[in-house]
Amino acid sequence: MANRTIKIATIGGGMFGRDVVLRSLADFERCGIIPYLGTAGLDHHARELAGVDYKLVAIGVRHEKTGRALVEDYRKWCPSGTPKAYWGETPWIDILEKEKPDVLFVATPDSLHTPPVVAALDRGVHVVVEKPLALFLDEARTIVRKADKGGLIVGTDMHKRYDAFLRSALVDVVPQIGDLLYARAVLEEPLEVSTKIFKWAATSNPFSYVGVHWTDLLGYYLNIKPVSLHAVGQKKLLVNWRDERNPNGINTFDSLQVNIQYDNGMNITYVNAWVNPDDFEGNVNQEMEVVGSLGRVFVDQQDRGLRCCITGQGTRTKNPHFQAEVPRAAASKDDTACIGYCRDALTAGLEAASRVILGLADRQGLKGTYPDADSSVPLVAIVEAAERVAKANLAYLNAGKGAPVTARFDKEFNVEIIDPAAG
Ligand SMILES: NC(=O)c1ccc[n+]([C@@H]2O[C@H](COP(=O)([O-])OP(=O)(O)OC[C@H]3O[C@@H](n4cnc5c(N)ncnc54)[C@H](O)[C@@H]3O)[C@@H](O)[C@H]2O)c1
């Protein structure tokens, strides 16, 4: 059992950065990591990490007011916490230089993952980063190369790998349904996300934002690699959106349908959007179906069983498997433990970093035991290809020329755009 304090810092404190990442870090600091290892499949390492303390030293965001408010929030979850707030355009630089964390968590907008991740790796700091790892293949490769060179962990927050329903579908059922033929995976987010919560929707798209969860899940459990891709998307609502913050609209896709051919013969369609109306019964619309020669398996988030109807709120479904606050025994009613698969990938990334820091393992030996950056390289290739193909096809569609563009991947996941209509 190792005795040591591991210093952590985090960048970004928005919807996910605060409610899931910061919330989880508070529990790691308060209780250590071992209460959370089981659902991430890491309970066999519990004794080795029982003596490890975690200390959040800094929270970095854009604005001072948010930074200070986040420190207060953190102290409600972890009363002994003493993180310092940093703010500005590149707060991670001061944090890395002055606070010298061992591990940096990154929950900045999709287009702003690479700069803090690279800055951390250049200083020998391990990283746990939100999905997608990056939006461009060359950035993903740079990250993996630097992590390899420094022997550093870069974990990504691919929590669907730990969702008990999806894991069971893929691990327990899929091996019984014969040769895999095709699949469909849907994740549609509320309009509030693209119009109100995110200031950065125009720098990403709904497939990069959430489709990457499915490409990770299916790629990881089925061990499949993409060989080609077709994508189309629609720009109707958000480009014409007008409000105080977006007087000229939000120039991104409302929705995308990405069809990928894999090396095992499977064809998978990913359907993603971020324009789901408030009135929809679930927080998100989420479903997956895998079809084989001897059967099929279907998971629909709305079928998990908790459905309620409250006056003025309509009928709603909830998913406490993702995140729930559990009252701590004999504590005040506001003192709760956060549970759910929302934190399992963060746990796995921090656990891997902890083992390297303590000299219990090395980066090479830990590959595959957490959602590592290496496994994100094909996902980033897919994200980059989907955006390029969908944009090109939209231009052709608007010109009345169909949607002829596709992409092909080689064995290293290099992207070749195939445009038969190009002069
Ligand atoms: N794992 C998941 O299921 C999941 C769910 C939602 C979001 N995410 C990801 O988490 C990331 C953040 O999402 P969010 O929902 O918290 O977004 P958000 O828009 O609510 O918050 C963004 C945060 O980034 C900070 N930020 C922006 N520019 C910055 C800068 N230059 N320096 C420091 N901080 C800066 C803002 O201050 C804010 O706190 C995104 O990559 C998103 O895709 C993951």
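Residues numbered from 1 in each chain as written. Predicted model: local features only at pLDDT ≥ 70, side-chain atom pairs only at ≥ 80, totals over all residues. Heavy atoms only, no water.

(A) Seen up close, the domain arrangement of the chain. Domain annotation for the chain reports domain 1 (4–158 + 331–371) and domain 2 (164–320 + 379–418). Relative to domain 2, the C-alpha centre of domain 1 lies at a distance of 26 Å. Listed per partner, the contact involves 18 residues of domain 1 and 26 residues of domain 2. Contact between domain 1 and domain 2 buries roughly 1700 Å² in total, counting both sides, with carbon and sulfur atoms accounting for 58%. Sorting the residues of domain 1 by area buried against domain 2 places Met15, Leu137 and Met158 first, and these three jointly supply 30% of that buried surface. Our enumeration of links across domain 1 and domain 2 arrives at zero salt bridges. The interface formed by domain 1 and domain 2 holds seven residue pairs in polar contact (both at pLDDT 80 or more) in total. No other element matches the three residues that helix α6 (residues 137–150) contributes to the side of domain 1 that touches domain 2. (Domains from an automatic or database assignment. Contact = heavy atoms within 4.5 Å. Buried area = accessible area lost by both parts, 1.4 Å probe. Salt bridge = Lys/Arg side-chain N within 4 Å of Asp/Glu carboxyl O. Polar contact = N/O pair within 3.5 Å; in protein donor to acceptor, adjacent residues only side chain to side chain. Helix = DSSP H or I, 4+ residues; strand = E, 2+ residues; numbered from the N terminus.)

(B) Broad picture of the site of the ligand. Not every one of the 28 residues close to the ligand is listed here, only the nearest: Met15, Asp110, His113, His159 and Trp200. The separation between a nitrogen atom of the ligand and a polar side-chain atom of Glu130 is 2.9 Å. The side chain of Asp157 places a nitrogen or oxygen atom 3.2 Å from a nitrogen atom of the ligand. Expressed as a share of its isolated accessible area of 850 Å², the protein-covered part of the ligand is 91%. Elements that contribute at least two residues to the shell around the ligand include exactly α1 (15–31), α4 (91–99) and α9 (206–222). By residue number, the principal contributor to the shell around the ligand is α1, which donates three residues. For the shell around the ligand, the class distribution of residues is 13 nonpolar, nine polar and six charged. Each of domain 1 (4–158 + 331–371) and domain 2 (164–320 + 379–418) gives at least three residues to the shell around the ligand. (Near = heavy atom within 4 Å. Areas by Shrake-Rupley, 256 points an atom, 1.4 Å probe, with all protein chains shown as cover. Nonpolar A, V, L, I, M, F, W, Y, C, P; charged D, E, K, R; others polar.)

(C) Spotlight on the pairing of strand β4 (residues 103–106). Neither face of β4 is left uncovered, since the one carrying Val103 and Phe105 and the one carrying Leu104 and Val106 both have all their residues buried. Relative to β4, strand β1 (residues 4–11) runs parallel, the two sharing four bridges. The partner of Ala9 across the bridge, within β4, is Leu104. Here β4 runs beside strand β5 (residues 126–129); their pairing, made up of four bridges, is parallel. Counterpart to Val106 in the pairing with β5 is Val129. Each parallel crossover has a hand, and for β4 linked through helix α5 (residues 114–122) to β5 it is right-handed. (Buried < 20%, exposed > 50% of the residue type's maximum accessible area, 1.4 Å probe, protein only. Pairing = 2+ DSSP bridges. Right-handed = clockwise from strand over helix to strand, strands pointing away.)

(D) Representation of the sheet that holds strand β17 (residues 406–409) in the model. Spatially, the eight strands line up as an open sheet ordered β12-β11-β7-β10-β9-β8-β17-β18, and their pairing is mixed. Each of the sheet's edge strands pairs with one partner strand only, and the pair in question is β12 (295–300) and β18 (415–418). Across the sheet, the mean angle separating the axes of adjacent strands is 15° when strand polarity is ignored. Examined bridge by bridge, strand β11 (residues 285–292) and β12 share six bridges and lie antiparallel to one another. (Axes fitted to C-alpha atoms, helices over the stretch in contact; angles between N-to-C directions.)

(E) Structural context of the sheet that holds strand β3 (residues 84–87). Ordered by their spatial adjacency, six strands build an open sheet running β3-β2-β1-β4-β5-β6, and the pairing between neighbours is parallel. Only two strands of the sheet have a single neighbouring strand rather than two, namely β3 and β6 (154–156). For this sheet, the mean inter-axis angle between neighbouring strands, taken without regard to orientation, is 20°. Pairing geometry for strand β2 (residues 52–61) and β3, over four bridges, is parallel.

(F) How the structure looks around the state of the cysteines. Overall, the coordinates contain zero disulfides when judged by the stated rule. Cys31 carries a free sulfur, and the closest cysteine sulfur to it, the one in Cys78, is 8.2 Å from it. The thiol of Cys338 is not disulfide-bonded; the next cysteine sulfur, from Cys342, is found 4.5 Å away. Residue class for Cys338 comes out buried when judged on its relative accessible area of 1%. (Disulfide = S-S within 2.5 Å.)

(G) A look at the environment of Ser168. Within the fold, Ser168 resides in helix α7 (residues 164–173). Taking C-alpha positions, Ser168 is 21 Å from Lys225, a pair spaced 57 residues apart along the chain.

(H) Seen up close, the side chain of Ser194. Its location among the elements puts Ser194 in helix α8 (residues 191–197). Take Ser194: its relative accessible area is 1%, and that puts it in the buried class. A polar contact of 2.7 Å, which involves the side chain of Ser194, links it to the backbone oxygen of Trp274. In contact with Ser194, other than residues within four places in its own chain, are Ala201, Leu238, Ile250 and Trp274.

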